Amino acid sequence: MPSRKFADGEVVRGRWPGSSLYYEVEILSHDSTSQLYTVKYKDGTELELKENDIKPLTSFRQRKGGSTSSSPSRRRGSRSRSRSRSPGRPPKSARRSASASHQANIKEARREVEVKLTPLILKPFGNSISRYNGEPEHTERNDIPHKNTQEKFNLSQESSYISTQYSLHPRREEVKLKEIDSKEEKFIAKELAVRTFEVTPIRAKDLEFGGVPGVFLIMFGLPVFLFLLLLMCKQKDPSLLNFPPPLPALYELWETRVFGVYLLWFLIQVLFYLLPIGKVVEGTPLIDGRRLKYRLNGFYAFILTSAVIGTSLFQGVEFHYVYSHFLQFALGATVFCVVLSVYLYMRSLKAPRNDLSPASSGNAVYDFFIGRELNPRIGTFDLKYFCELRPGLIGWVVINLVMLLAEMKIQDRAIPSLAMILVNSFQLLYVVDALWNEEALLTTMDIIHDGFGFMLAFGDLVWVPFIYSFQAFYLVSHPNEVSWPMASLIIVLKLCGYVIFRGANSQKNAFRKNPSDPKLAHLKTVHTSTGKHLLVSGWWGFVRHPNYLGDLIMALAWSLPCGFNHILPYFYVIYFTMLLVHREARDEYHCKKKYGVAWEKYCQRVPYRIFPYIY
Ligand SMILES: NC(=O)C1=CN([C@@H]2O[C@H](COP(=O)(O)OP(=O)(O)OC[C@H]3O[C@@H](n4cnc5c(N)ncnc54)[C@H](OP(=O)(O)O)[C@@H]3O)[C@@H](O)[C@H]2O)C=CC1
Ligand SMILES: CC(C)=CCC[C@@H](C)[C@H]1CC=C2C3=C(CC[C@@]21C)[C@@]1(C)CC[C@H](O)C(C)(C)[C@@H]1CC3
């Protein structure tokens, strides 16, 4: 077997094709047949290189006062000044012929500029070749001022594309050059986005959720499973040992009126979303540097919805209709979600490449599931962002209220049971918390990584309202009396979970928003090659996903009021553990790719993923 010189995971310098420039890359794999290495540049670009085009880091010396070539991602920020070919600038051969004359102009101007460049050393996190992925001298630091310079620098790069890697002495031609630069910037940004997608097709082994067969199974299995669970829960004895009730025929479950009510609900939420109230914020930078704007009015939508529901109750609207047609509503929502997913997939076929999700693969079935387009929008209306928090999440609270009223009616109670009150208030707190902290959604995997396809459409619009309200649904036909001491214990458990969940999420969000926040000055961090830091103390030094731990503790507290007679009300805890363990693995995979060695250091330092001393 032919030997290979570089090992997987090794950090080396790889030649950018068509140029004589070398960039820091990580070896991902080696194909012994073609003798090619798959390497990853710092901006995430993956390419195959010959061994001759790879050099160990040690074979480079940093020129004093000179700039070594910067990383692809950082060059994106500096390309208006730097003139060499790079991952940020596609090689000549790859460029389109239509742009040839434009390129000729640029080239001419560039020749003039090249001799006028005065390289500067980038102090904050220079291009030192010994600094790949983190710790050059210290692995952790509390020295906020140092950290701040780095973060500020990085953030300004991210948002503006302008950096000062080189200084230009003032020239007469500067105005002309600026014009050409700005044209070139736009051109390169476009090319870079296209190129990144061209060179990084997701290989079959990278598909998540078990690839095409896995997502196929999930898409057909989940709706069937949902109806089985709801039917089982309606049985007098919902023991798992009982044979599951037969699924009714679809026509028995379909009711046009129910579907109409569902559409009305959806449209009311659309209306609230469109109200010009609440502040507008920018999301994280997209692949082409753009930042989308989002209006934060989820909490207002919740208040308005409560007002509408309150008024309807007062007017005597029969909410029991929702309970008695629960399966029909679930089917209506499922049909809506399938139609929406088809629409999302169809429109994504026309979407520009840089609007596609990093998770999309080119396989139609997989992309239908994971979502091909990252942020599908109709004008300023963001479909994914809207669905993630509004119809399903607020719908969940309304369904819980419906169950509370149904319990009173069916069990002939003057007031709801303590168990029902606990479940309702715990989940209300969870939803209000999500809406109050709406901005945090913008940094979740769902918004940044996953596209909007069947997975999130079904998750947001069907799974959340109809499965997350399962405990309340269960209590309607399976009363459970909870004693006050037991209730107190459950409340304490819920509060512990909430403190961990909110503490961890707020700590990370505050740190990502402003790494120099004085309130976080006591926290230790490791820095990464991307310029971002990772928290290694506080909640994020306890386990690697403290927010998941908190979420799971809360999930247990939601199920306990249902007692121990059946396992069904614990379905949520079981499903959620599986979801978060899988999600944690997905996130680790992305973080490992993003942060390389720095992430490994973090893992060594914080060995447990979710459960301390267990997992
Ligand atoms: N109820 C439900 O059904 C569900 C709830 N959730 C909840 O949603 C919330 C968001 O979850 P999710 O989007 O999965 O992921 P997280 O909020 O945990 O975000 C993960 C990201 O955080 C950053 N990060 C990881 N470690 C560190 C660190 N040590 N220091 C600083 N940043 C770090 C990384 O991104 P980067 O470095 O790029 O910033 C990483 O990709 C969680 O609270 C979760 O419990 C999630 C799924 C379902
Ligand atoms: C296979 C399958 C059933 C997938 C669906 C998963 C979805 C149900 C979840 C994926 C991520 C979610 C999040 C929330 C709800 C569940 C889904 C959609 C969330 C809105 C709940 C409230 C939290 O505070 C949150 C805003 C952090 C959270 C975001 C992720």
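A quick note: this is a predicted structure, and the numbers were derived from the prediction, not measured.

Draft legend 1. View of the site of ligand 2. Close to ligand 2 lie 15 residues, the nearest being Leu 222, Ala 434, Asp 446, Asp 460 and Arg 583. Relative to its unbound accessible surface of 620 Å², ligand 2 loses 86% to contact with the protein. At the level of secondary structure, the elements contributing two or more residues to the shell around ligand 2 comprise helix H12 (383-389), helix H14 (418-436), helix H16 (454-467) and helix H21 (571-595). Broken down by element, the shell around ligand 2 gets its largest block of residues, four residues, from H16. Of the residues contributing to the shell around ligand 2, the split by class is 10 nonpolar, one polar and four charged.

Draft legend 2. Structural context of the environment of Leu 207. When you line up the elements, Leu 207 lands in the loop between helix H4 (174-199) and helix H5 (211-234). You can call Leu 207 buried: its relative accessible area is 17%. Along the primary structure Leu 207 and Ile 218 are separated by 11 residues, whereas in three dimensions their C-alpha atoms are 14 Å apart.

Draft legend 3. Fine view of the site of ligand 1. Taken together, 26 residues lie near ligand 1, and Tyr 468, Tyr 548, Asp 551, Arg 583 and Tyr 595 sit nearest. Asn 505 places a polar side-chain atom, nitrogen or oxygen, 2.9 Å from an oxygen atom of ligand 1. Starting from 910 Å² of accessible surface for ligand 1 in isolation, the protein chains cover 88%. Across the shell around ligand 1, the residue classes break down as 15 nonpolar, four polar and seven charged.

Draft legend 4. Inspection of the packing of helix H10 (residues 326-348) against H16 at higher detail. Look at H10 against H16: their axes get within 9 Å of each other, and the N-to-C directions meet at 165°. On the basis of the axis angle, H10 is roughly antiparallel to H16. Here H10 and H16 pass one another in a crossing that is right-handed. Across the interface between the two elements, Phe 326, Phe 329, Ala 330, Ala 333, Thr 334, Phe 336, Cys 337, Val 338, Leu 340 and Ser 341 of H10 pack against Phe 454, Ala 457, Phe 458, Leu 461, Val 462 and Phe 466 of H16. For the contact of H10 with H16, the residue count by class is 14 nonpolar, two polar and no charged.

Draft legend 5. Region of the structure containing the sheet that holds strand E4 (residues 46-50). Overall, antiparallel pairing links the five strands, which are arranged E4-E3-E2-E1-E5 in an open sheet. For this open sheet the edge positions go to E4 and strand E5 (54-56), each flanked by a neighbour on one side alone. Recorded for the sheet is a direction-independent mean angle of 50° between the axes of neighbouring strands. With five bridges joining them, strand E1 (residues 11-15) and strand E2 (residues 22-31) adopt antiparallel strand pairing. When the bridges of E2 are listed, Gly 14 appears paired with Tyr 23.

Draft legend 6. View of the packing of aromatic side chains. According to the stated counting rule, one finds 41 aromatic pairs in the structure shown. On the basis of an interplanar angle of 65° and a centroid distance of 6.3 Å, the ring pair of Tyr 345 and Phe 368 is categorised as edge-to-face. Remark: Phe 368 occurs in helix H11 (residues 364-370) and Tyr 345 occurs in helix H10; sequence separation between them is 23 residues. For Tyr 345, a relative accessible area of 18% corresponds to the buried category. Above the face of the Tyr 323 ring, Lys 234 is positioned so that its terminal group lies 5.1 Å from the ring centre. The ring of Tyr 294 is capped by Arg 377, whose NZ or CZ atom sits 4.9 Å from the centre of that ring.

Draft legend 7. Broad picture of the environment of Ala 504. Position of Ala 504 relative to the elements: it lies in helix H18 (residues 484-513). When its relative accessible area of 0% is taken as the criterion, Ala 504 is described as buried. The sequence separation of Ala 504 and Lys 524 amounts to 20 residues, and the corresponding C-alpha distance is 15 Å. Excluding residues that lie within four positions of it along the chain, Ala 504 makes contacts with Val 499, Trp 539, Trp 540, Pro 546 and Asn 547.

Cut-off values and rules
- Residues numbered from 1 in each chain as written.
- Chains lettered and ligands numbered in written order.
- Predicted model: local features only at pLDDT ≥ 70, side-chain atom pairs only at ≥ 80, totals over all residues.
- Heavy atoms only, no water.
- Near = heavy atom within 4 Å.
- Areas by Shrake-Rupley, 256 points an atom, 1.4 Å probe, with all protein chains shown as cover.
- Helix = DSSP H or I, 4+ residues; strand = E, 2+ residues; numbered from the N terminus.
- Nonpolar A, V, L, I, M, F, W, Y, C, P; charged D, E, K, R; others polar.
- Buried < 20%, exposed > 50% of the residue type's maximum accessible area, 1.4 Å probe, protein only.
- Polar contact = N/O pair within 3.5 Å; in protein donor to acceptor, adjacent residues only side chain to side chain.
- Axes fitted to C-alpha atoms, helices over the stretch in contact; angles between N-to-C directions.
- Parallel < 35°, antiparallel > 145°, perpendicular 65-115°, else oblique.
- Left-handed = near helix turned anticlockwise from the far one by under 90°.
- Contact = heavy atoms within 4.5 Å.
- Pairing = 2+ DSSP bridges.
- Phe/Tyr/Trp six-rings, centres within 6.5 Å; stacked < 30°, edge-to-face > 60°.
- Lys NZ or Arg CZ within 6 Å of the ring centre and 35° of its normal.

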